[in-house]
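Below are the chains, spelled out letter by letter.
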Amino acid sequence: LASLRLLAARGRLAELRLLHVPGQSDFLDGAGELTEGLAAFLASLGPVPIRLNGFRHHGVRGAALAWPQARGDELVALAKALKEKGFGPVMLPAL
């Protein structure tokens, strides 16, 4: 987080990549809204493009092999929540 803040402060943050891992990521609350913590952090960075990535098992070892892979509808919901709060542009992976 400190590195992202430093890059943003110096105008060097080209994009922010968020990896959604179902059951592990806490980007959205139970109502499908951005969590206050994420919204505050994104606001502190200023305008920056956001690229969403979904967790996949490719190249994963250990306990993460038991984690579910991200679904397209989960990423679309996250993108919608980000856009509704005025963040972005938001880029989705090829679904």
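Quick note: structure is the one above.
To start, this report covers the structure provided alongside it. (Residues numbered from 1 in each chain as written. Predicted model: local features only at pLDDT ≥ 70, side-chain atom pairs only at ≥ 80, totals over all residues. Heavy atoms only, no water.)

Within the largest apolar cluster, 20 residues are counted, with the highest numbers of intra-cluster contacts made by Leu18, Leu34, Leu42, Ile50, Leu52, Leu82 and Phe87. Residues in contact with Leu82, not counting those within four places in the same chain, are Leu18, Leu34, Leu42, Ile50, Leu52, Phe87 and Val90. (Core = buried A, V, L, I, M, F, W, Y, C linked by side-chain atoms within 4.5 Å. Buried < 20%, exposed > 50% of the residue type's maximum accessible area, 1.4 Å probe, protein only. Contact = heavy atoms within 4.5 Å.)

For the rest of this paragraph, the subject is the sheet that holds strand 1 (residues 16-20). The parallel open sheet is built from three strands, whose spatial order is 1-2-3. Each end of this open sheet is capped by a strand with a single partner; those strands are strand 1 and strand 3 (90-91). Relative to strand 2 (residues 50-54), strand 1 runs parallel, the two sharing five bridges. Looking across to strand 2, one finds that Leu18 is bridged to Leu52. (Pairing = 2+ DSSP bridges. Helix = DSSP H or I, 4+ residues; strand = E, 2+ residues; numbered from the N terminus.)

Between Gly88 and the following residue, Pro89, the backbone shows a cis peptide bond with an omega angle of 15°. Its place among the elements puts Pro89 in the loop between helix 3 (72-84) and strand 3.

Moving on, we come to the side chain of Glu15. Residue placement: Glu15 occurs in the loop between helix 1 (2-9) and strand 1. Separated by 2.6 Å, the side chains of Glu15 and Arg17 make a polar contact. A polar contact of 3.1 Å, which involves the side chain of Glu15, links it to the side chain of Arg51. Every residue in contact with Glu15, bar those within four places of it in the chain, is listed here: Val48, Pro49, Arg51 and Met91. (Polar contact = N/O pair within 3.5 Å; in protein donor to acceptor, adjacent residues only side chain to side chain.)

Our focus in this paragraph is the pairing of strand 2. In strand 2, alternate side chains face the same way, and those of Ile50, Leu52 and Gly54 are buried while those of Arg51 and Asn53 on the opposite face are not. For the segment spanning strand 1, helix 2 (residues 36-45) and strand 2, crossover handedness is right-handed. By the bridge criterion, two bridges tie strand 2 to strand 3 in an arrangement that is parallel. When the sheet's bridge partners are listed, Arg51 is paired in strand 3 with Met91. (Right-handed = clockwise from strand over helix to strand, strands pointing away.)

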